[in-house]
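# Coordinate analysis (summary)
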Amino acid sequence: MFPDEEFLIAVALASGIHLTHEQLRDAYYQIIYELDQKARQKPPFPEDPWPDGYARTLATTLGLPNRVATRLAEEWRQRHDDRNLWTFTRPEVRNTLILLKRTGYRMSVLSNSDGRTRTVFKDLRLLSFFEHIFDSRELRAAKPQRQVFDGILSKLRLSPRDVIYIGDIYTVDVWGARAAGMGAIHLDPLGNYGDWPGIHLPSVEALPRWLECYRARPRAYPLFEPRRIPYLERAERETGRKSSSRPSPTYRHKPGTFETLVKWPALTCWKRQRRAV
């Protein structure tokens, strides 16, 4: 889910500023990248990533004047309190979900949110695509804490290697999923993460084709390769868990955003292929 772009465009226009959907998308991902850089250099990911508020951070990233930033922050707060501002999605997300559902993938959502995730998905008519909607407020824990991923795997009755997690915040989604033993795919529309290990896709639209390639040649891609995550390793040691220290290479697929868990169809066949290669 993204912040409501139509609302943000209207607020800026009322102040004489013309914004486009492309500008808002690029700013959204640039903000995430800057946070990921900070968390990578000095983990963990901050509990309050935007101490000045997301609206002001967004306005600064867009280069908006202070008067517009102030108005945006005020109207953002009111709108979010009334009915949540993170209510926007892009057509390619729905189209991809339709294709994955038809292919036979089981999907669920895990979101760091305020308890309103299910309502947002229902209002956007996306609820039917997912078996479960997991909200951090209801779980009383948030990504990238390993117990969050372990807990949902237990509820879904799946092992980590049966699941692929897709997300756009590397130090939250990829680190968290990999620490729990899941496969992880990172969405990187701006191409900022070229030297970061793992799998990066330019958009959610690339996911169905990538999954086809992976199922045909699973050992060609570092999907389940473990990666050291120091601060998560410390937490695991405290609970007696072990984490592999083998690094993983970077893969970039070259042919809007949601975070989801995907369960393989025909998993038995896929496992048979893995043993044969």
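Residues numbered from 1 in each chain as written. Predicted model: local features only at pLDDT ≥ 70, side-chain atom pairs only at ≥ 80, totals over all residues. Heavy atoms only, no water.

### Overview of the overall build of the chain
When helices and strands are counted, the chain shows twelve helices and seven strands. Evaluated residue by residue, the chain yields a buried proportion of 50% over its 277 residues. Counting only carbon and sulfur atoms, one obtains 47% of the accessible surface of the chain, whose full area is about 13,900 Å². (Helix = DSSP H or I, 4+ residues; strand = E, 2+ residues; numbered from the N terminus. Buried < 20%, exposed > 50% of the residue type's maximum accessible area, 1.4 Å probe, protein only. Areas by Shrake-Rupley, 256 points an atom, 1.4 Å probe, with all protein chains shown as cover.)

### Regarding the side chain of Ser136
Tracing the backbone shows Ser136 in helix α7 (residues 136-139). Residue contacts for Ser136: discarding those within four places in its chain leaves Ser111, Asn112, Ser113, Ala141 and Ala142. (Contact = heavy atoms within 4.5 Å.)

### Some details on the packing of helix α2 (residues 21-41) against helix α3 (residues 54-62)
Axis separation between α2 and α3 bottoms out at 10 Å; the angle between their running directions is 110°. Taken together, α2 and α3 sit at an angle that is classed as roughly perpendicular. Of the two possible hands of crossing, α2 and α3 adopt the one that is right-handed. Within the contact between the two elements, α2 uses Gln23, Leu24, Ala27, Tyr28, Gln30 and Ile31 and α3 uses Tyr54, Thr57, Leu58, Thr61 and Leu62. (Axes fitted to C-alpha atoms, helices over the stretch in contact; angles between N-to-C directions. Parallel < 35°, antiparallel > 145°, perpendicular 65-115°, else oblique. Left-handed = near helix turned anticlockwise from the far one by under 90°.)

### With respect to the nonpolar core
Counting residues in hydrophobic clusters, the biggest one holds 52 residues, and the most contacted among them are Leu8, Leu19, Leu58, Leu110, Phe149 and Met182. Of all the secondary-structure elements, those providing two or more residues to this core are α1 (5-14), α2, α3, α4 (66-83), α8 (146-156), β3 (163-167) and α9 (170-179). Ignoring anything within four residues of it in the chain, the contact list for Leu19 reads Leu8, Ile9, Ala12, Leu24, Leu62 and Leu64. With 29 residues, the next largest nonpolar core counts Met1, Leu97, Tyr105 and Phe121 among its residues. (Core = buried A, V, L, I, M, F, W, Y, C linked by side-chain atoms within 4.5 Å.)

### As for the pattern of salt bridges
Pairing between side chains of opposite charge can happen when the charged atoms of each approach one another. Enumeration according to the criterion identifies nine salt bridges in this entry. Close ionic contact of Glu75 with Arg71 constitutes a salt bridge, the shortest N to O distance being 2.9 Å. Placement of the pair is Glu75 and Arg71 together in helix α4, with a separation of four residues, close to one helical turn. Residue class for Arg71 comes out partly exposed when judged on its relative accessible area of 32%. We note a salt bridge from Glu212 to Arg209, for which the minimum N-O separation is 3.0 Å. Of this pair, Glu212 and Arg209 both sit in helix α10 (residues 207-216), three residues apart, roughly one helical turn. Classification of Glu212 as partly exposed rests on a relative accessible area of 48%. (Salt bridge = Lys/Arg side-chain N within 4 Å of Asp/Glu carboxyl O.)

### A word on the environment of Ile199
Relative to the assigned elements, Ile199 resides in strand β5 (residues 198-201). In the structure, Ile199 is positioned 13 residues away from His186 in sequence and 6.1 Å away in space, judged by C-alpha atoms.

### Concerning the side chain of Thr171
You can see Thr171 is positioned in helix α9. Classification of Thr171 by relative accessible area gives buried; the value is 0%. A polar contact is formed between the side chain of Thr171 and the side chain of Asp36, at a distance of 2.6 Å. (Polar contact = N/O pair within 3.5 Å; in protein donor to acceptor, adjacent residues only side chain to side chain.)

### Looking at the pairing of strand β1 (residues 106-111)
Counting buried positions over the six residues of β1 gives five, a clear majority of the element. In terms of strand pairing, β1 meets strand β2 (residues 133-135) through three bridges, oriented parallel. Counterpart to Ser111 in the pairing with β2 is Asp135. (Pairing = 2+ DSSP bridges.)

### Thoughts on the confidence of the model for the chain
Summarising the model, the chain shows a mean pLDDT of 82, and 81% of its residues fall at 70 or more. Within the chain, helix α12 (residues 267-276) has the poorest average pLDDT of any element, 29, and β1 the best, 96. Scored below 50 in pLDDT, residues 238-259 makes 78 contacts in the model with residues more than four places away or belonging to other chains. Across residues 264-277 the pLDDT falls below 50, and counting only partners more than four positions away or on other chains, this stretch makes 25 contacts in the model. (pLDDT = per-residue confidence, 0-100.)

### Side note on the pairing of strand β4 (residues 183-187)
For β4, a buried count of five out of five residues is recorded, marking the element as mostly surrounded by other parts of the structure. As defined by bridge partners, β3 adjoins β4 across four bridges and the pair is classed as parallel. Paired with Ile166 across the strands is Ile185, a residue of β4. Crossover connection from β3 via α9 to parallel β4: handedness right-handed. Pairing analysis gives three bridges linking β4 to β5, with the strands arranged parallel. Looking at the pairing, His186 lines up with His200 of β5. (Right-handed = clockwise from strand over helix to strand, strands pointing away.)

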